[in-house]
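Each chain, written out:
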Amino acid sequence: MEFASGRPTGAYYGLLASAGGLAVVLGNAALAPLYELAYTPSATAFVPWIFLSELGAITATFIRRFIPHPSSQAALRDEIRAT
């Protein structure tokens, strides 16, 4: 897969890094209350681990929807070369 279709990639990597940093900040802010449950041993200490495990499983299940099929990549590459 060609990233940015052969165009300069510096801006794309900068945007990707910024989006990743924003995701970390928002994720930590949203999950901070769950971390408090796991801080001390108790009956609810497993809740954050179960939630984060489910989040990872859901992501792994649906990631294929966002990865282009090889035949569509070839068609897009041929279309770009034709222009």
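Residues numbered from 1 in each chain as written. Predicted model: local features only at pLDDT ≥ 70, side-chain atom pairs only at ≥ 80, totals over all residues. Heavy atoms only, no water.

Student: Explanation requested: the overall build of the protein in the structure shown.
Tutor: Helix and strand content of the protein: 3 helices and 0 strands. Sequence-ordered secondary structure for the protein, helices as α and strands as β, is α-α-α. For the protein, with 83 residues in total, the buried portion stands at 6%. Element-wise, carbon and sulfur atoms account for 70% of the exposed surface of the protein, whose accessible area totals about 7,000 Å². (Helix = DSSP H or I, 4+ residues; strand = E, 2+ residues; numbered from the N terminus. Buried < 20%, exposed > 50% of the residue type's maximum accessible area, 1.4 Å probe, protein only. Areas by Shrake-Rupley, 256 points an atom, 1.4 Å probe, with all protein chains shown as cover.)

Student: Where do I start with helix α1 (residues 10-39) in this structure?
Tutor: Under the 1.5 Å per step criterion, the end-to-end length of α1 is 40 Å for 30 residues, consistent within 8% with the ideal 44 Å. Bending of α1 peaks at approximately 50 degrees at the position of alanine 32, with proline proline 33 no more than four residues after it. When you tally the buried positions in α1, you get 2 out of 30 residues, a small fraction of the element. (Expected span 1.5 Å × (residues − 1). Bend = angle between axes of the 7 residues up to and from the residue.)

Student: Hey, could you run me through the packing of α1 against helix α2 (residues 47-62) in this one?
Tutor: Angle between the axes and distance between the axes are the two parameters that describe a pair of packed helices. For the pair α1 and α2, the least separation of the axes is 7 Å and the interaxial angle reads 135 degrees. When the interaxial angle is binned, α1 and α2 end up oblique. In this structure, α1 uses Leu31, Leu34, Tyr35, Leu37 and Ala38 to contact α2, whose residues at the interface are Val47, Pro48, Trp49, Phe51 and Leu52. (Axes fitted to C-alpha atoms, helices over the stretch in contact; angles between N-to-C directions. Parallel < 35°, antiparallel > 145°, perpendicular 65-115°, else oblique. Contact = heavy atoms within 4.5 Å.)

Student: It is not clear to me how the confidence of the model for the protein should be interpreted in this structure. Could you clarify?
Tutor: Predicted coordinates in regions of low pLDDT should not be interpreted in detail. Confidence in the prediction for the protein averages 81 pLDDT; 84% of positions are at 70 or higher. Element-level mean pLDDT values for the protein span from 70 in helix α3 (residues 70-82) up to 90 in α2. (pLDDT = per-residue confidence, 0-100.)

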